[in-house]
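One letter stands for each residue in the lines below.
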Amino acid sequence: MKKLATLAILLAGPALADPLDLIDYPAIFAENAEAVEDISAARSALQMGDVILLHDPNEPREFTGIDESGEAAVGCFVSILATIESTVQACEVSLPAEQEVIQRTYLEEVLSFYAANVVPSVDQATVQTRFDALVASQIDGARPYCSNLDVMTDLADRLFSPDSRAEVTGMLSIPRLPVSNPCL
C-alpha cells in the first residue's frame, strides 16, 4: 500500500490536501473561531469530531486535516481511486470485470460519503465532476507508469477484492470531514 500512497502523492499533489478541493477550511475556522487553538506563532488547530484541522499561512497549502478516527482517511481513498482510474485511462487498459464492479461500487459509496460530509455540503454531481477533473489532471503523470503496471495492478488486486469490503465499510462508517491524512 505504501507504493500506492507514494504514487497517489506524486500524481495528486500535496498528501495532506483535500483531493477534490471542496472543504472550505477558512469558513470552518471562521465559524468555529472560539474553538481554534494557537499551537505556535504561525500554526493553529481546530478539532472537528475525529478530525484535527491545521492552519499555517507559511505552508504552500495553508490548511490540512488529520483524521484520527482510527479508520482510513476518506480523502486518501479518493486519491487512490483517482490514481487507479487515471492510470487505467492513460494506459488504455481495463481492470478485470469483477474488479470493475467493485471499483464502481466503492467509487459511488466514497463520493456519496464525500458529498454528505464535506463542509459546505455539496451535491453528488459536484463531487463526481471534481473527481473526474482530478482523474483527468493525473493522466499525463500516469503515462510513464504504463510500461510497468505492477503497482496499479497490485493495488487494484488488493482494493477491488471481496476481502477489502470490511475495510471500506469501516472507513465509511464514521461521519467526518474527508481529509487525506493519514494515507495508509
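Calculation criteria
- In this numbering scheme, every chain counts its residues from 1 along its sequence in written order.
- Local features are withheld for residues below a pLDDT of 70 in this predicted model, meaning they are given only at 70 or higher, and side-chain atom pairs are given and counted only at 80 or more; totals for whole chains, interfaces and linings count all residues.
- Note that the side-chain values use all heavy atoms of the structure and ignore hydrogens as well as water.
- Side-chain rings of Phe, Tyr and Trp, where Trp is taken by its six-membered ring, are said to pair if the distance between their centres is within 6.5 Å; with planes under 30 degrees apart they count as stacked, over 60 as edge-to-face, and otherwise as tilted.
- To qualify as a helix, a DSSP run of H or I must reach at least 4 residues; to qualify as a strand, a run of E must reach at least 2; elements of each kind are numbered from the N terminus.
- Exposure classes here rest on a 1.4 Å probe applied to the protein chains alone. A residue is buried below 20% of its type maximum, exposed above 50%, and partly exposed in between.
- Predictor confidence is given residue by residue as pLDDT, running from a minimum of 0 to a maximum of 100.
- Residues are treated as being in contact if the distance between any of their heavy atoms lies within 4.5 Å.
- Counting rule for disulfides: a pair of cysteine sulfur atoms within 2.5 Å.
- Expected span of a helix: the number of residues minus one, times 1.5 Å.
- Polar contacts here mean pairs of N or O atoms no more than 3.5 Å apart (in protein, one a potential hydrogen donor and the other a potential acceptor; neighbouring residues in sequence count only if both atoms are side-chain atoms).
- Interaxial angle, 0 to 180 degrees, is taken between N-to-C directions of lines fitted to C-alpha atoms, where a helix line uses only the stretch in contact.
- For classification, angles of less than 35 degrees are called roughly parallel, those exceeding 145 degrees roughly antiparallel, those between 65 and 115 degrees roughly perpendicular, and all remaining angles oblique.
- The hand of a helix crossing depends on one turn: near helix anticlockwise from the far one by less than a right angle means left-handed, and clockwise means right-handed.
- Polarity classes work like this: nonpolar for Ala, Val, Leu, Ile, Met, Phe, Trp, Tyr, Cys and Pro, charged for Asp, Glu, Lys and Arg, and polar for all others, with Gly in that last group.
- Within this document, salt bridges are pairs made up of a side-chain nitrogen of Lys or Arg and a carboxyl oxygen of Asp or Glu, the two lying within 4 Å of each other.

S.K.: Help me understand the packing of aromatic side chains, please; the structure alone is not making it clear to me.
M.R.: Aromatic ring pairs are described here by two measures, namely the spacing of the ring centres and the angle between the planes. This structure, assessed with the given rule, holds four aromatic pairs. Seen in terms of ring centroids, Phe29 and Phe63 are 5.4 Å apart; in terms of plane orientation they differ by 55°. Their pairing is tilted. A residue pair is termed long-range when its members are at least 10 positions apart, and Phe29 in helix 2 (residues 25-31) and Phe63 in strand 4 (residues 63-67) qualify at 34 residues. Judged on exposure class, the residue Phe29 and its partner Phe63 are both buried. With 6.4 Å between their ring centres and 50° between their planes, Tyr106 and Phe160 make a pair best called tilted. Taken as a pair, Tyr106 in helix 4 (residues 97-117) and Phe160 in the loop between helix 6 (150-159) and helix 7 (165-171) lie far apart in primary sequence, 54 residues in all. The class of Tyr106 is buried, set by a relative accessible area of 2%. Members of the aromatic cluster, joined through ring pairs, are Tyr25, Phe29 and Phe63.

S.K.: Quick question: what am I supposed to make of the confidence of the model for the protein here?
M.R.: Detail in the predicted coordinates should be disregarded across regions flagged by low pLDDT. The share of residues in the protein with pLDDT of 70 or more is 90%, and the mean pLDDT across the chain is 87. Low pLDDT (under 50) marks residues 1-15, which in the prediction has 30 contacts with non-local residues, meaning those over four places away or in another chain.

S.K.: How should the state of the cysteines be read in this particular structure?
M.R.: Each disulfide consists of a covalent bond between the sulfur atoms of two cysteine residues. According to the stated counting rule, one finds one disulfide in the structure shown. Note on cysteine connectivity: Cys91 is disulfide-linked to Cys146, with sulfurs 1.9 Å apart. Since a negative S-S torsion denotes a left-handed disulfide, the Cys91-Cys146 link at about -90° is left-handed. Remark: Cys146 occurs in the loop between helix 5 (124-142) and helix 6 and Cys91 occurs in helix 3 (residues 74-91); sequence separation between them is 55 residues.

S.K.: Looking at this structure, I do not really get helix 5. What am I missing?
M.R.: Given 3.6 residues per helical turn, the α-helix brings residues three or four places apart onto the same face. For helix 5, spanning 19 residues, the distance from its first C-alpha to its last is 26 Å, which sits close to the expected 27 Å at 1.5 Å a residue. If you check the start of helix 5, you find a side-chain oxygen 3.1 Å away from the backbone N of Ala125, and it comes from Asp123.

S.K.: What am I meant to see in the packing of helix 3 against helix 6 here?
M.R.: Two packed helices can be described by the angle between their axes and the distance between those axes. At a closest axis distance of 11 Å, the pairing of helix 3 and helix 6 adopts a crossing angle of 130°. The angle between helix 3 and helix 6 places the two elements in the oblique class. Crossing of helix 3 over helix 6 shows left-handed handedness. Contacts between helix 3 and helix 6 involve Phe77, Ile80, Ile84, Thr87 and Val88 from the former and Met152, Leu155, Ala156 and Leu159 from the latter. Residue composition of the contact of helix 3 with helix 6, by class: eight nonpolar, one polar and no charged.

S.K.: In this structure, what is going on with helix 3? I would like to understand it.
M.R.: For helix 3, with 18 residues, the first-to-last C-alpha span of 26 Å sits near the 26 Å given by 1.5 Å per residue. Most of helix 3 sits out of view: 16 of its 18 residues are buried.

S.K.: Looking at this structure, I do not really get the pattern of salt bridges. What am I missing?
M.R.: Between side chains of opposite charge, pairing is possible as soon as their charged atoms come close. Here the structure, examined in full by the defined rule, presents six salt bridges. The partner of Asp67 in a salt bridge is Arg176, with the nearest N and O atoms 2.5 Å apart. Of this pair, Asp67 sits in strand 4 while Arg176 is found in the segment after helix 7, placing the two residues 109 residues apart along the sequence. Just as Asp67 is buried, Arg176 falls in that class too. A salt bridge links Asp140 to Arg143; the shortest N-O distance between them is 2.3 Å. Residue Asp140 is classed as exposed on the basis of its relative accessible area of 60%.

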